[in-house]
Amino acid sequence: MSDSAARDRDVAEIESALAHPVVAPDRTASYGDHPDQVIDFYAPRDGRTGAPLVVLLHGGAWRAPYDRAHVSPLADFLARRGFAVASVEYRRGGAEGQGQEPGADPVAGRWPETFDDVAAALDAVPALAARELPEADVRRIVVTGHSAGGHLALWAAARHVLPEGSPWHLPAPPPLRGVVALAPIADFRAAVELGVCGGAVSQLLGEGGESEERTAQADPTALLPTGIATAIVHGEEDVVVPLAVSEAYVDAAAKSGEMVGFTLLGDVGHFPLIDPLADACAIVAEEITQLAW
């Protein structure tokens, strides 16, 4: 496919994925005091109880303009497939008060707040879901995320691998059935080399020694093996997060002795994975189902 055709495909896929109306949650609960520290809960639409709980982390290059609203149709789609869903908001980069220059592209991520929030949200989910979403079975949790949210999903499942001195370290693996990462920014070295999302990874990591220290705590490839069942879903025609980024993660996992499920979708780019009208979205639901049930 030519570069221009790939760009045209990407534009069409973005327009389709983002054309859906925002779907209001059934309930919303806070896991902290900041306005972004909230979780939207969607009950299974078939009224079932004991439904597996999908924790959903949205993408958007860890940047403030992109929030959980754009994945609310995906949350509703999963709820219609019989899942309970917890869609997590978290602090992102480029928000007011962060020294953002007027008119400049928003920076990617807030360090350490983005990671503080994801860790706190995942820790809070079982109790909040038990209170707000009694239809959910909190013993069967699958974490999923798209793009930068896919990175956060992989990271959340690897916190027990972090050094004991890390504020996000868990003493034991998190009680998850697994993680399904959708076109994730899964390997920081590959993402930096490819300039993914306008250099978002470099912005997140900072410079110099700070970058090296942050990489060791934030790069999913540096946190292998995890021992958590993991599946990657990636479109072969993705021009936002190229397939090579996921390939690098899967290769690193194999070298660490861990097998990762890797589903490649032909003739698919970045955004169909979260578009309820796309066949790719049904495949995503199947990947989650295989881990959850």
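Residues numbered from 1 in each chain as written. Predicted model: local features only at pLDDT ≥ 70, side-chain atom pairs only at ≥ 80, totals over all residues. Heavy atoms only, no water.

Draft legend 1. Examining the pairing of strand β8 (residues 261–265) more closely. Pairing geometry for strand β7 (residues 230–235) and β8, over five bridges, is parallel. Bridge assignment links Ile232 to a residue of β8, and that residue is Phe262. (Pairing = 2+ DSSP bridges. Helix = DSSP H or I, 4+ residues; strand = E, 2+ residues; numbered from the N terminus.)

Draft legend 2. Structural context of the environment of Pro167. Looking at the element boundaries, Pro167 is found in the loop between α4 (148–156) and β6 (178–182). C-alpha of Pro167 to C-alpha of Gln217: the two residues are 50 residues apart in sequence and 10 Å apart in space.

Draft legend 3. Looking closely at the pattern of salt bridges. Under the defined criterion, the tally for this structure stands at 20 salt bridges. Asp267 is the salt-bridge partner of Arg9, the closest N and O atoms lying 2.6 Å from each other. Here the residue Arg9 occupies a position in helix α1 (residues 3–18), and Asp267 occupies one in the loop between β8 and α9 (279–292), the gap between them amounting to 258 residues. Classification of Arg9 by relative accessible area gives buried; the value is 17%. Judged by its relative accessible area of 56%, Asp267 is exposed. Between Asp117 and Arg91 there is a salt bridge, with its nearest N and O atoms 2.8 Å apart. Here the residue Asp117 occupies a position in helix α3 (residues 113–132), and Arg91 occupies one in the loop between β4 (84–88) and α3, the gap between them amounting to 26 residues. (Salt bridge = Lys/Arg side-chain N within 4 Å of Asp/Glu carboxyl O. Buried < 20%, exposed > 50% of the residue type's maximum accessible area, 1.4 Å probe, protein only.)

Draft legend 4. Highlighting the sheet that holds β8. Reading across the sheet, the eight strands line up as β1-β2-β4-β3-β5-β6-β7-β8 and stay open at both edges, with mixed pairing between neighbours. Lying at the two open borders of the sheet, with one neighbouring strand each, are β1 (27–30) and β8. Between one strand axis and the next, the sheet turns through 20° on average, direction left out of account. The sheet strands contacting α4 are β3 (51–57), β5 (136–146), β6 and β7, and the helix crosses β5 at an angle near 135°. (Axes fitted to C-alpha atoms, helices over the stretch in contact; angles between N-to-C directions. Contact = heavy atoms within 4.5 Å.)

Draft legend 5. A look at the state of the cysteines. For the coordinates displayed, the defined rule picks out zero disulfides. In this structure Cys197 is a free cysteine whose sulfur lies 19 Å from that of Cys281, the closest cysteine sulfur available. (Disulfide = S-S within 2.5 Å.)

Draft legend 6. Spatial organisation of unusual backbone geometry. In this structure, the amide linkage connecting Trp111 to the following residue, Pro112, adopts the cis form with an omega of 5°. Within the fold, Pro112 resides in the loop between β4 and α3. Here the bond from Leu224 into Pro225 is cis, since omega is -5°, no more than 30 degrees from zero. Its identity is not glycine, yet Trp62 carries a phi of approximately 60°, on the positive side. Judged by relative accessible area, which is 0%, Trp62 ranks as buried.

Draft legend 7. Representation of the nonpolar core within the structure. In terms of nonpolar packing, the biggest core is built from 65 residues, with Ile39, Leu53, Trp62 and Ile185 touching the most fellow members. Looking at this core, the element that brings in the most residues is α3, giving nine residues. Leaving out residues up to four positions away in the same chain, Ile39 has contacts with Arg27, Thr28, Ala29, Tyr31, Ala86, Ser87, Val88, Ala121, Val125 and Leu128. If you look at the next biggest cluster of nonpolar residues, it comprises 30 residues, including Val71, Ala75, Phe83 and Val268. (Core = buried A, V, L, I, M, F, W, Y, C linked by side-chain atoms within 4.5 Å.)

Draft legend 8. Region of interest: helix α8 (residues 243–255). The end-to-end C-alpha separation of α8 is 19 Å, in line with the 18 Å expected for 13 residues at 1.5 Å each. Against the buried residues of α8 lie α4, α5 (188–194), α6 (196–205), β7 and β8. Gly257 sits one or two residues past α8 and shows a positive phi near 95°. (Expected span 1.5 Å × (residues − 1).)

Draft legend 9. Local environment of the side chain of Asp10. Following the sequence through the fold, Asp10 ends up in helix α1. No salt bridge is formed by the buried Asp10; the nearest opposite charge belongs to Arg9, separated by 8.2 Å. For Asp10, the residues in contact, after removing those within four places along its chain, are Val239, Val240 and Phe271. (Lys, Arg positive; Asp, Glu negative; His and termini not counted.)

Draft legend 10. Molecular detail of the packing of α3 against α4. Two elements in contact, α3 and α4, have axes whose closest approach is 11 Å; the angle formed by their N-to-C orientations is 60°. Accordingly, the angle class assigned to the pair α3 and α4 is oblique. Our pair here, α3 against α4, has a crossing hand that is right-handed. Counting all contacts with α3, which are made through Thr114, Phe115, Val118, Ala119 and Leu122, the residues of α4 involved are His151, Leu152, Trp155 and Ala156. Split by residue class, the contact of α3 with α4 holds seven nonpolar, two polar and no charged. (Parallel < 35°, antiparallel > 145°, perpendicular 65-115°, else oblique. Left-handed = near helix turned anticlockwise from the far one by under 90°. Nonpolar A, V, L, I, M, F, W, Y, C, P; charged D, E, K, R; others polar.)

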